[in-house]
Amino acid sequence: MAGEYEQFLIHESTLLDERRFRDWMALFTEDGSYWVPATVGQRSPYGQTSLFYDDLELMRTRIDRLEHPLIHVQTPPSNTVHLIGSVTVEPGVPAPDPEAGLPTSDVLVLSSAITAEYRLDHTRTFVGRQRHWLRHVDGALRIVRKRVDLVNCEAAFEAIAVPV
Amino acid sequence: MPDGSLNDRGIASLIEPGRVHRRVYTDPGVFELEMQRLFGRAWLFVGHSTQVPKPGDFITTDLGRQPVLMTRHHDGSVRVVLNRCTHRGIKLVAERQGNRQRLICLYHGWTFDPDGTLLRVPVDEGCAPGFKLCDFNLAKAPRVGIYRGFVFASLSPAGIAFDDWIAPMKQNIDDIVDRAPGGEIALDAGVHRYLVRANWKMQAENAVDSYHVPFSHASTVNQKGVQFSRREGDNEGAKVVDGQRTAPQWKQRRSYSVGHGHCWTSNTELKENERSSAVYDEYRRTLEAAVGKERSDWILTPRMHNSLLYPNVSFMGLNMHIRVIRPIAVDLTEVNIYPVRLLGAPEAMNERNTRLLNVTHAAASFVQSDDLEAFARAQAGLQSLQTDWVDISRGLGREEAIDPPGALRQMATDELVVRGQFRAWLDYMSEA
Ligand code: FES
Ligand SMILES: [Fe+2]
């Protein structure tokens, strides 16, 4: 049971590591979103700053830019590896942040993720707890919301160009 | 050629009319001197009074590299005191913000009021003969100035008066604050913090650099050469490039250098009448109800794109935020970006602004991240010993004198604003 979801998360992070950003975006539902808060325990992405808060339109713009030849902050590109662990599954969850008007999902999958990123002689690590609200659409799993709470979300970051 | 020493002549030889020596960005000795002479003297932005709304509230920050506390005292006044215990020098408060009626040092328990008054010393029978509490109050910032809630401090008792220093830039601050239907803003919607492996001046210069935009931010412009809109209710962003060239509209922008290193750039012509969305229209109605139609139209006319109150704060009129520069080392800088929340405006308008800032100016943003890359690569390139000079000569000799006397204007794609910053830099750095 957890296996199916674990496979899904590994597949998702592999798409990021392989820089298949369009395929990654296709995992999201049309009302999907990707959120990386900037404060510990942040309740809503609206009233406060976030590191990422992309709906599908913003995600598309971000990926267009990632594919642009003159994206200096990805010249050369980052090389990343994700490690996903501690996957647990909870049953269908209605909107956890009523303020944000989150649509309902079938299942909530919790996991830990470590991402190593290398670029220009510099290696850094992102570590966080992930929450994926997933929905079955036409027999396939889709992401309604992905939330990543980095342990150091309140830190000063050097530029982050690719989804963590 | 500059010699190795940093006497006043050595410093002066680093700056020429159209070029500066690479040491101003790379030399740790120059950086140390900047911390004393520039950041130790200049008026620096500390915070906004809405960051400490209630008595006992505090934020911590650094002025230059000196740790300070901005507090709200019991009497309601805002204070700026050094975040350093007067006993053995411990940093008194570690958190970035919070509320405490008494500041108690973790080491031996000396206890201070939010205004820095020493109230109590444990085991006071051990105090030296003649020990007086009042001799050990926290050090205060010698001078504090507040304009429309923005709190500035100087770590030097002498120097230009606050009113004279801020006068040429008041309009730029007003341009932002007046957009609040309540006439006040708050800096309480979080912060974007980012780190740059580069000298702090890279960010100060970049804040008002319109030359880099068409190329540096090429990945953010569409097929028509237009950057995505940064304003609620505006479907079209600014036209930045035309084919392979910088767009004529972009070249219409002007920059202004108004003394003390202060500078700003004007906006391209924006179609204000066509700006409309449910959220924006509601905001405009709220503003009109508060200040009247005529005044509202004037307030909403874009005059300023970005401005710099030299040396450490930028007021950004286009996508509304306050940008604070915090030098850490000669080649390391932290930049903090605060969304402006317009008090009295529909919250949806403020939410849009905050969300937009994620896209333009977070560490993970589409725009600022390419600037960060430029700063870091400048720092790397300037390690080269082959060439000592950095060119800042665009438009040199083509400046146009404007009011008030001493103020200059030219094309925003020229380098007037950089030269103006270095003129102020030299004034701070070479006075004994
Ligand atoms: S160092 Fe603060 S009480 Fe001793
Ligand atoms: Fe830029």
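What this report covers is the structure whose coordinates are included nearby. All of these numbers come straight from a predicted model, not from anything done at the bench.

Each value, and the rule that gives it
Residues numbered from 1 in each chain as written. Chains lettered and ligands numbered in written order. Predicted model: local features only at pLDDT ≥ 70, side-chain atom pairs only at ≥ 80, totals over all residues. Heavy atoms only, no water. Helix = DSSP H or I, 4+ residues; strand = E, 2+ residues; numbered from the N terminus. Rg over C-alpha atoms; globule rule 2.2 N^0.38 Å. Buried < 20%, exposed > 50% of the residue type's maximum accessible area, 1.4 Å probe, protein only. Contact = heavy atoms within 4.5 Å. Areas by Shrake-Rupley, 256 points an atom, 1.4 Å probe, with all protein chains shown as cover. Core = buried A, V, L, I, M, F, W, Y, C linked by side-chain atoms within 4.5 Å. Phe/Tyr/Trp six-rings, centres within 6.5 Å; stacked < 30°, edge-to-face > 60°. Lys NZ or Arg CZ within 6 Å of the ring centre and 35° of its normal. Pairing = 2+ DSSP bridges. Axes fitted to C-alpha atoms, helices over the stretch in contact; angles between N-to-C directions. Buried area = accessible area lost by both parts, 1.4 Å probe. Salt bridge = Lys/Arg side-chain N within 4 Å of Asp/Glu carboxyl O. Polar contact = N/O pair within 3.5 Å; in protein donor to acceptor, adjacent residues only side chain to side chain. Nonpolar A, V, L, I, M, F, W, Y, C, P; charged D, E, K, R; others polar. Donors = N, O, S within 2.8 Å, 3.2 Å for Na, K, Ca; no water. Parallel < 35°, antiparallel > 145°, perpendicular 65-115°, else oblique. Left-handed = near helix turned anticlockwise from the far one by under 90°.

## Topic: the overall build of chain A
- When you go through chain A residue by residue, the secondary structure sums to three helices and six strands.
- Taken against the 2.2 N^0.38 rule, which gives 15 Å for 164 residues, the C-alpha radius of gyration of chain A at 15 Å falls within 12% of a compact globule.
- With the C-alpha coordinates aligned to their principal axes, the bounding extent of chain A is approximately 45 × 35 × 30 Å.
- When burial is assessed residue by residue, chain A has 52% of its 164 residues classed as buried.
- Sequence-distant contacts, at least 24 apart, represent 61% of the contacts inside chain A between residues at least 6 apart.
- Of the roughly 7,100 Å² that chain A leaves accessible, carbon and sulfur atoms contribute 55%.

## Considering the nonpolar core
Residue and element names in this part refer to chain B.
- Counting 134 residues, the largest nonpolar core has Phe152 and Trp425 as its most contacted members.
- No other element matches the seven residues that helix α13 (residues 416–430) contributes to this core.
- Other than its neighbours up to four places away in sequence, tryptophan 425 contacts Ile11, Leu14, Ile15, Val24, Val30, Glu34, Leu38, Lys201 and Tyr310.
- In terms of nonpolar packing, the next biggest core, distinct from the first, is built from 13 residues, Cys85, Leu118, Val121 and Leu138 among them.

## Observations regarding the packing of aromatic side chains
- For the coordinates displayed, the defined rule picks out 22 aromatic pairs over all chains.
- With a centroid separation of 5.5 Å and 90 degrees between ring planes, the pair formed by tryptophan 24 of chain A and tyrosine 34 of chain A is classed as edge-to-face. A residue pair is termed long-range when its members are at least 10 positions apart, and tryptophan 24 of chain A in helix α2 (residues 21–25) and tyrosine 34 of chain A in strand β1 (residues 28–37) qualify at 10 residues. Residues tryptophan 24 of chain A and tyrosine 34 of chain A agree in their burial class; the two are buried.
- Grouping aromatic residues by their ring pairs yields a cluster made of Trp43, Phe45, Phe150, Phe152, Phe162, Trp165 and Phe315 of chain B.
- The ring of tryptophan 389 of chain B has arginine 19 of chain B lying over it, and the distance from NZ or CZ to the ring centre is 4.0 Å.
- For arginine 253 of chain B, the ring lying beneath its charged end belongs to tryptophan 250 of chain B, and the centroid distance is 4.0 Å.

## A look at the sheet that holds strand β26 (residues 407–411) of chain B
All names here are of chain B.
- Reading across the sheet, the nine strands line up as β14-β22-β21-β20-β19-β18-β17-β26-β25 and stay open at both edges, with antiparallel pairing between neighbours. Each edge of the sheet is formed by a strand with only one pairing partner; in this case those strands are β14 (192–196) and β25 (400–402). Neighbouring strand axes in the sheet, compared pairwise and without regard to direction, differ in orientation by 20 degrees on average.
- Set on the sheet, helix α5 (residues 170–177) makes contact with β18 (263–266), β19 (304–309) and β20 (313–316); between it and β19 the angle comes to about 130 degrees.

## Details of the interface of chain A and chain B
- Contacts between the two partners involve 30 residues from chain A, matched on the other side by 32 residues from chain B.
- Regarding the contact of chain A and chain B, the summed buried area is about 2,800 Å², with carbon and sulfur atoms giving 53% of it.
- Three residues stand out in chain A for area buried against chain B, namely Thr49, Arg65 and His72 of chain A, and they jointly supply 24% of the buried area on that side.
- Counting every contact that joins chain A to chain B gives four salt bridges.
- With a shortest N-O distance of 2.8 Å, arginine 119 of chain A and glutamate 373 of chain B are connected by a salt bridge.
- Taken together, the connections running from chain A to chain B amount to 26 residue pairs in polar contact (both at pLDDT 80 or more).
- Counting only elements with at least two residues in the side of chain A that touches chain B, the list comes to β2 (50–55) and α3 (56–66) of chain A.
- No other element matches β2 of chain A, which puts five residues into the side of chain A that touches chain B.
- Classifying every residue of the side of chain A that touches chain B by side-chain character gives 15 nonpolar, nine polar and six charged.

## Quick word on the coordination of the iron ion (ligand 2)
Residue and element names in this part refer to chain B.
- The iron ion (ligand 2) binds to the protein through His212 (NE2), His217 (NE2), Asp371 (OD) and Asp371 (OD), with metal-donor distances spanning 2.1 to 2.3 Å.
- Written as a sequence motif, the donor residues of the iron ion (ligand 2) are H-x4-H-x153-D. Taken together, the residues span a long stretch of sequence, with histidine 212 in the loop between α6 (200–206) and α7 (213–216) and aspartate 371 in helix α12 (residues 368–381) at a distance of 159 residues.
- Under the relative-accessibility criterion, histidine 212 is labelled buried at 15%.
- Overall, aspartate 371 belongs to the buried group, its relative accessible area being 3%.

## A word on the side chain of lysine 146 of chain A
Residues and elements named next belong to chain A.
- Residue position: lysine 146 is located in strand β6 (residues 140–150).
- A distance of 2.9 Å separates a polar atom in the side chain of lysine 146 from a polar atom in the side chain of glutamate 12.
- Setting aside chain neighbours within four positions, we find lysine 146 in contact with Glu12, Leu16, Trp24, Phe28, Ser33, Tyr34, Trp35, Gln130, Arg131, His132 and Val164.

## Examining the pattern of salt bridges
Residues and elements named next belong to chain B.
- Following the criterion strictly, the structure yields 44 salt bridges over all chains and no others.
- One salt bridge in this structure joins arginine 79 and aspartate 115, with 4.0 Å as the shortest N-O distance. Taken together, the residues span a long stretch of sequence, with arginine 79 in strand β6 (residues 78–82) and aspartate 115 in the loop between β9 (111–112) and β10 (118–120) at a distance of 36 residues.
- Owing to a relative accessible area of 25%, arginine 79 belongs among the partly exposed residues under this scheme.
- Overall, the relative accessible area of 16% leaves aspartate 115 in the buried class.
- What emerges from the salt-bridge pattern is a single network uniting Asp62, Arg193, Arg326 and Glu334.

## Observations regarding the packing of helix α9 (residues 278–291) of chain B against helix α11 (residues 347–361) of chain B
Residues and elements named next belong to chain B.
- Contact geometry for α9 and α11: axes closest at 9 Å, N-to-C directions at 125 degrees. One finds that α9 runs oblique with respect to α11. Here the hand of the crossing between α9 and α11 comes out left-handed. Judged by residue contacts, Val279, Tyr280 and Tyr283 of α9 engage Ala348, Met349 and Arg352 from α11.
- In the contact of α9 with α11, the residues fall into five nonpolar, no polar and one charged.

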